[in-house]
Amino acid sequence: MRVTVTVNGERREADDVWEGESLLHVLRERLGLPGSKNACEQGECGSCTVLMDGLPVCACLVAAGQAQDREVRTVEGLAEGADRLAPVQEAFVEAGAVQCGFCTPGLLVAAHDLIRRAGRPSDVEIREALAGNLCRCTGYEKIMEAVRLAAARTASAELSTEDTP
Amino acid sequence: MTQRTSPERGVREPTTTAAAAATAVTGGIGDSARRPDGTLKVRGEFAYSSDLWHEDMLWGATLRSPHPYARILSVDLTEALRTPGVHAVLTHEDVPGENIYGLEHADQPVLAVDVVRYQGEPVAVVAADHPETAQRAAKRIRVEYEPLEPVTDMVAAARGEGPPLHPDGNVVRHLRIRKGDAEATADVMVVGEYEVGMQDQAFLGPESGLAVPAEDGGVDLYVATQWLHVDQRQVARALGLPLAKVRLTLAGVGGAFGGREDLSMQVHACMLALRTGRPVKMVYNRQESFFGHVHRHPAKIYYEHGATRDGDLVYVRAKIYLDGGAYASSTTAVVANAATLGVGPYTVDNVAIDCWGVYTNNPPCGAMRGFGAVQAAFGYESQMDELARRLGVDPVELRIRNAIAEGDTMPTGQLVDSAAPVAELLRRVKNLPLPPAVRTEPVDVRELPGGVSNTTHGEGVVRGVGYGVGIKNVCFSEGFDDYSTARLRLQVIGGEATALIHTAAAEIGQGLVTIKQQIVRSELGVERVTVQPMDTSVGNGGSTSASRQTYMTGGAVRQVCHTVRERVLRMAGRRVGRAPDGLALAGGKVVDARGEVVADLAEVLGDEAVEATEVYRHRPTHRVDPERGQGNAHVQYAFAAHRAVVDVDVELGLVRVVQLDCAQDVGRAVNPQAVLGQIHGGSAQGLGLAVMEEIQVVDGRVRNPSFTDYLIPTILDMPPMTVDVLELADPHAPYGLRGVGEPPTISSTPAIVAAIRAATGRALNRVPVRPEHITGT
Ligand code: FES
Ligand code: FES
């Protein structure tokens with residue numbers, strides 16, 4: 001079958017999709033977007049987290065057909081522009097929240113979504129929101145630090161844009 | 001919230017000009033320089049082994065044994081071969097070279113011949129044009145088995161009971177350590193029996209790689225591994241090819257923790273690629289991953305500790321059994337660690353330890369972070385707590401009283417000849433601030449055991465505090481020729497002096513790529529350092545394990561920098577007409593002893609590239625003698641101490657670790673941020689072993705091969721940590737550094753269990769601790 005989906009603002013088509021394929025497989029193997037990861041392919045690790053119509057989902061649990069005509073945003077589409085990083089991406093690098101980085105794309109999408117929804121989440125809220133994203137390397141301390149940092153920077157950036165006449 | 005103190009820093013620093021220059025450089029040694037791969041990783045552009053793609057590539061799949069032990073009576077490939085889209089179906093008959101491999105002993109077939117020895121053992125492999133087609137075709141291979149009664153009891157195997165699974169019987173290694181008086185007696189005696197469950201590395205990036213057939217009849221393999229050259233050696237032997245025709249390049253590695261030291265899909269993908277003449281990609285899914293790599297050895301441990309009434313240890317006797325499963329992997333080294341480190345970081349005059357590593361039909365076990373030391377530490381630290389209880393003394397005081405220190409000897413007779421601040425680490429971790437008491441008002445269930453399951457509002461919740469301290473050997477031990485190689489090229493690129501650093505040492509997430517850059521920046525005073533892809537076109541870098549890479553590859557990089565620096569300074573000396581002795585490199589310039597610039601480095605280099613390759617070896621170690629286990633087996637010892645604070649719902653048996661703090665000596669923090677990352681991550685894996693992680697094996701069969709049933713700590717399970725980093729230089733090591741990765745995994749488990757014991761009063765002699773162990777139901 002053919003699947004048409006808007007990915008990171010671009011309309012994309014994938015042909016010869018077998019009906020058992022997941023959105024994750026289509027992104028990774030058919031659309032050349034391997035940024036979303038495949039650590040479990042059974043909805044348990046969050047490494048494949050993408051935004052579908054603005055909501056975080058595990059792309060491994062979404063059948064390719066379910067993504068027909070939807071808007072999908074992946075880690076590759078978080079930054080605005082090729083030479084820039086989104087605040088949450090910048091904060092992850094800076095805080096040392098990236099080791100092997102296999103959990104990183106999913107965490108970034110989930111954290112980005114959290115900050116957009118919650119502004120300056122408390123620690124308990126951060127932990128709750130990221131509970132579906134496993135990381136085996138960092139013990140999560142630096143991830144907490146990075147999310148706090150990104151949230152603080154996003155909030156102050158928003159304040160200063162409001163200030164500008 | 002992390003704090004980092006290093007009051008001792010510099011006190012015992014070997015004074016070399018390199019070290020002095022080192023601290024001054026931005027992005028150099030001692031700086032929390034950023035990872036060179038960080039930006040790619042956060043953009044989703046870093047190519048992991050499972051992301052690789054090649055035009056025309058096929059997908060591989062593996063058929064595995066459903067039985068823990070069985071004879072293979074027949075294999076019928078007809079239907080699999082008939083499946084549309086299938087390009088090859090291969091069995092042991094198609095292994096081009098020797099059908100045998102193994103890390104320390106070659107005892108494992110690439111594909112099973114007439115017997116399978118564990119559930120999940122590969123029997124056949126398939127290549128097809130779609131991964132699903134390959135999987136389906138594999139299922140169509142008909143294998144007729146005659147199931148046999150599996151050997152599953154490690155203690156019985158050590159006694160020689162049951163059928164031998166390999167020609168030399170089921171004991172892979174029995175190591176004896178004897179020190180002092182075997183008959184020693186003491187005022188107080190504590191006896192304990194302990195068990196450690198089988199832990200999984202659970203790295204997130206699945207086993208995967210891409211094999212591309214080459215025109216010379218060889219193969220290029222892009223793979224996630226911990227040790228390119230040991231893979232190359234084993235793959236070449238199995239393929240019947242010379243080393244030069246088997247070229248490996250490291251693909252992005254999604255964590256490893258020991259689980260990638262052995263081969264997984266390497267030979268299989270190469271066989272399929274050579275047979276089909278097409279590139280072949282193999283990617284395990286999570287379930288297959290649980291069968292596709294070795295695990296941490298489960299252990300049964302018997303300890304007897306004798307002490308004076310004042311709390312001085314008089315003797316330690318132990319029997320340690322380690323289940324290596326169907327194949328040896330690194331079992332001999334795991335036995336060595338458990339035995340030689342079996343009394344822990346304590347001085348004891350009289351020691352008798354026997355340690356066995358055995359073959360069974362359980363899943364093969366091998367390397368996992370802290371191997372051997374982790375299992376023993378749960379036993380000896382539990383014993384120390386019990387001894388403290390019996391003596392009515394503070395458990396930290398008892399540990400400090402018996403703590404090993406520089407100048408003491410180990411049970412092997414080896415002198416501890418650099419800093420061993422065990423007592424200091426315990427004092428420091430004890431002095432870190434404690435969290436506020438159990439909060440009942442206002443109740444936030446998210447901060448209580450059970451969390452949003454809303455199982456308690458504070459009733460039945462008891463707080464406990466516990467401590468643990470551990471010891472680990474760093475680098476390869478027992479006379480192994482352990483070395484690493486680094487190649488460096490210094491040349492002008494785009495008008496700027498640029499260093500290209502090339503090693504085969506695997507970056508698995510820990511940040512060795514950053515460390516290499518930092519060392520080159522400090523040693524050569526150049527800002528631009530490019531890390532070249534890690535591959536087998538440069539000499540062996542050794543394994544990324546045993547906490548050894550910053551030490552070993554760091555040592556090689558330092559050495560090659562010195563060679564290049566010497567040459568460049570000679571060139572500079574000739575150019576400016578001065579003796580090279582008084583010259584140095586800093587900030588892209590050649591400077592004299594007073595720091596005055598005498599030449600620009602780029603000008604000195606001109607069109608010339610200065611290139612060198614160096615091999616670094618640590619000081620030699622020796623095998624211990626077989627009778628008494630005496631000898632200088634280890635290169636360096638490393639220590640960490642933890643304090644755990646837990647809240648336990650004693651009615652339901654639910655545990656919440658509230659805080660986990662650590663003090664560790666790292667000799668020299670080459671990258672402080674990465675050091676913290678190792679301590680956090682290692683502590684989390686120890687937490688997992690303490691309260692949740694176990695591969696459940698019943699009659700040789702794995703019951704929980706998924707992240708649904710094998711639980712690893714989430715961000716809700718892992719508490720905040722305060723970390724106190726000590727830097728007491730080891731004069732034998734490059735920059736005085738001490739391996740960092742493993743010690744935190746060793747002491748966090750016993751600390752957490754001690755805290756649960758303190759809260760519940762239960763004996764708890766098995767990890768992971770399960771709710772029923774706490775409730776006693
Ligand atoms: S890969 Fe989708 S949740 Fe793990
Ligand atoms: S950084 Fe490796 S899994 Fe998170």
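The model shown is predicted, which means the values in this text are computed figures rather than measured ones.

Asker: Could you give an account of the environment of B:Arg117, with specific residues and numbers?
Answerer: With respect to the secondary-structure elements, B:Arg117 resides in the loop between strand 4 (115–116) and strand 5 (122–128). When the C-alpha atoms of B:Arg117 and B:Glu523 are compared, they prove to be 51 Å apart, with 406 residues separating the residues in sequence.

Asker: Tell me about the domain arrangement of chain A, and name the residues and values.
Answerer: Much of the literature gives interface size as the accessible area that the parts lose upon coming together. Residue and element names in this part refer to chain A. Domain annotation for chain A reports domain 1 (3–75) and domain 2 (87–163). When each unit is reduced to the centre of its C-alpha atoms, the spacing between domain 1 and domain 2 is 22 Å. Each side of the interface is counted separately: domain 1 has 16 residues, and domain 2 has 13 residues. At the boundary of domain 1 with domain 2, the tally comes to 0 salt bridges. Counting every contact that joins domain 1 to domain 2 gives 4 residue pairs in polar contact (both at pLDDT 80 or more). A class-by-class count of the residues in the side of domain 1 that touches domain 2 yields 6 nonpolar, 7 polar and 3 charged.

Asker: Residue-level account of the nonpolar core, with values.
Answerer: In this structure, A:Phe92, A:Ile143 and B:Ile752 are the most contacted members of the largest nonpolar core, which totals 152 residues. With 10 residues, the top contributor of residues to this core is helix 10 (residues 373–391) of chain B. If near-sequence neighbours (up to four positions away) are discounted, A:Ile143 is found in contact with A:Phe92, A:Ala97, A:Leu107, A:Leu130, A:Cys135, A:Thr138 and B:Ile715. Residues B:Ala497, B:Ile519, B:Val520 and B:Ala638 belong to the second largest nonpolar core, which totals 44 residues.

Asker: Describe the UniProt feature "domain: Aldehyde oxidase/xanthine dehydrogenase a/b hammerhead" (unreviewed entry) in chain B, listing the residues and the values that go with them.
Answerer: Per the UniProt record, "domain: Aldehyde oxidase/xanthine dehydrogenase a/b hammerhead" (unreviewed entry) is found at residues 43–149 of chain B. Between the first and last C-alpha atoms of residues 43–149 of chain B the distance is 51 Å; the span itself is 14% helix and 32% strand.

Asker: Describe helix 14 (residues 549–576) of chain B, with residues and values.
Answerer: In this model, helix 14 of chain B (28 residues) spans 38 Å end to end at C-alpha, consistent with the 40 Å of a helix rising 1.5 Å per residue. Remark: B:Gly577 follows helix 14 of chain B within two positions and exhibits a positive phi of approximately 70°.

Asker: So what about the pairing of strand 9 (residues 208–213) of chain B? Which residues, and what values?
Answerer: Moving residue by residue along a regular strand, the side chains alternate between the two faces of the sheet. All names here are of chain B. In terms of residue burial, strand 9 counts as a mostly covered element, since 5 of its 6 residues are buried. In this structure, strand 9 lies alongside strand 12 (residues 280–283), joined through 4 bridges in antiparallel fashion. Each residue of the ladder has a partner; that of Ala 211, found in strand 12, is Val 280. Bridge count for strand 9 against strand 10 (residues 219–223) is 5 bridges, and the pairing is antiparallel. Its bridge partner lying in strand 10, Gly 209 is registered against Val 223. What sits between strand 9 and strand 10 in their antiparallel hairpin is a turn of 5 residues, with Gly 217 showing a positive phi close to 85°.

Asker: Give me the packing of helix 13 (residues 512–524) of chain B against helix 14 of chain B: which residues, what numbers.
Answerer: Residues and elements named next belong to chain B. Two numbers describe how helix 13 lies on helix 14: the axes approach to 9 Å, and their chain directions differ by 30°. Taken as axis vectors, helix 13 and helix 14 run roughly parallel relative to one another. Crossing of helix 13 against helix 14: the hand is right-handed. Side by side, helix 13 and helix 14 meet where Leu 512, Ile 515, Lys 516, Ile 519, Val 520, Glu 523 and Leu 524 of the first sit next to Gln 549, Thr 550, Thr 553, Gly 554, Val 557, Arg 558, Cys 561, His 562, Val 564 and Arg 565 of the second. Each residue belonging to the contact of helix 13 with helix 14 can be placed in one class, and the counts come to 8 nonpolar, 5 polar and 4 charged.

Asker: How would you summarise helix 9 (residues 331–340) of chain B if you had to cite specific residues and measurements?
Answerer: Residues and elements named next belong to chain B. Across the 10 residues that make up helix 9, a large majority, 9, are buried. Those residues of helix 9 not exposed but buried are Thr 331, Thr 332, Val 334, Val 335, Ala 336, Asn 337, Ala 338, Ala 339 and Thr 340. In this structure, the buried side of helix 9 is in contact with strand 7 (171–179), strand 15 (313–323), strand 16 (350–358), strand 17 (365–366), helix 10 and strand 18 (461–474).

Asker: Quick rundown of the interface of chain A and chain B? Include the residues and the values.
Answerer: Counting from both sides, the interface comprises 56 residues of chain A and, opposite them, 65 residues of chain B. Both faces considered, chain A and chain B share a buried interface measuring about 4600 Å² in area, 57% of it formed by carbon and sulfur atoms. One can count 7 salt bridges joining chain A with chain B. A:Glu128 is the partner of B:Arg446 in a salt bridge, and the nearest nitrogen-oxygen pair spans 2.6 Å. Taken together, the connections running from chain A to chain B amount to 30 residue pairs in polar contact (both at pLDDT 80 or more). No other element matches the 6 residues that helix 2 (residues 87–95) of chain A contributes to the side of chain A that touches chain B. Here the residues of the side of chain A that touches chain B sort into 26 nonpolar, 12 polar and 18 charged.

Asker: Outline the sheet that holds strand 25 (residues 610–617) of chain B, supporting the account with residue identities and numerical values.
Answerer: All names here are of chain B. The strand order across the open sheet built from 4 strands is 21-20-19-25, with neighbouring strands paired in mixed fashion. Where the open sheet ends on each side, the last strands, each with one partner, are strand 21 (528–531) and strand 25. Averaged over all neighbouring strand pairs, the angle between strand axes comes to 20°, with direction disregarded. Two strands pair when backbone bridges link them, and strand 20 (residues 496–502) and strand 21 are joined in this way by 4 bridges, in the parallel orientation. The partner of Leu 500 across the bridge, within strand 21, is Thr 530. In the packing of helix 13 onto the sheet, contacts are made with strand 19 (483–493), strand 20 and strand 21, and the angle to strand 21 comes to roughly 145°. The sheet strands contacting helix 14 are strand 19, strand 20 and strand 25, and the helix crosses strand 25 at an angle near 145°.

What counts, and at which threshold
Residues numbered from 1 in each chain as written. Chains lettered and ligands numbered in written order. Predicted model: local features only at pLDDT ≥ 70, side-chain atom pairs only at ≥ 80, totals over all residues. Heavy atoms only, no water. Helix = DSSP H or I, 4+ residues; strand = E, 2+ residues; numbered from the N terminus. Domains from an automatic or database assignment. Contact = heavy atoms within 4.5 Å. Salt bridge = Lys/Arg side-chain N within 4 Å of Asp/Glu carboxyl O. Polar contact = N/O pair within 3.5 Å; in protein donor to acceptor, adjacent residues only side chain to side chain. Nonpolar A, V, L, I, M, F, W, Y, C, P; charged D, E, K, R; others polar. Core = buried A, V, L, I, M, F, W, Y, C linked by side-chain atoms within 4.5 Å. Buried < 20%, exposed > 50% of the residue type's maximum accessible area, 1.4 Å probe, protein only. UniProt positions renumbered as here; feature names shortened; annotations may be inferred. Expected span 1.5 Å × (residues − 1). Pairing = 2+ DSSP bridges. Axes fitted to C-alpha atoms, helices over the stretch in contact; angles between N-to-C directions. Parallel < 35°, antiparallel > 145°, perpendicular 65-115°, else oblique. Left-handed = near helix turned anticlockwise from the far one by under 90°. Buried area = accessible area lost by both parts, 1.4 Å probe.

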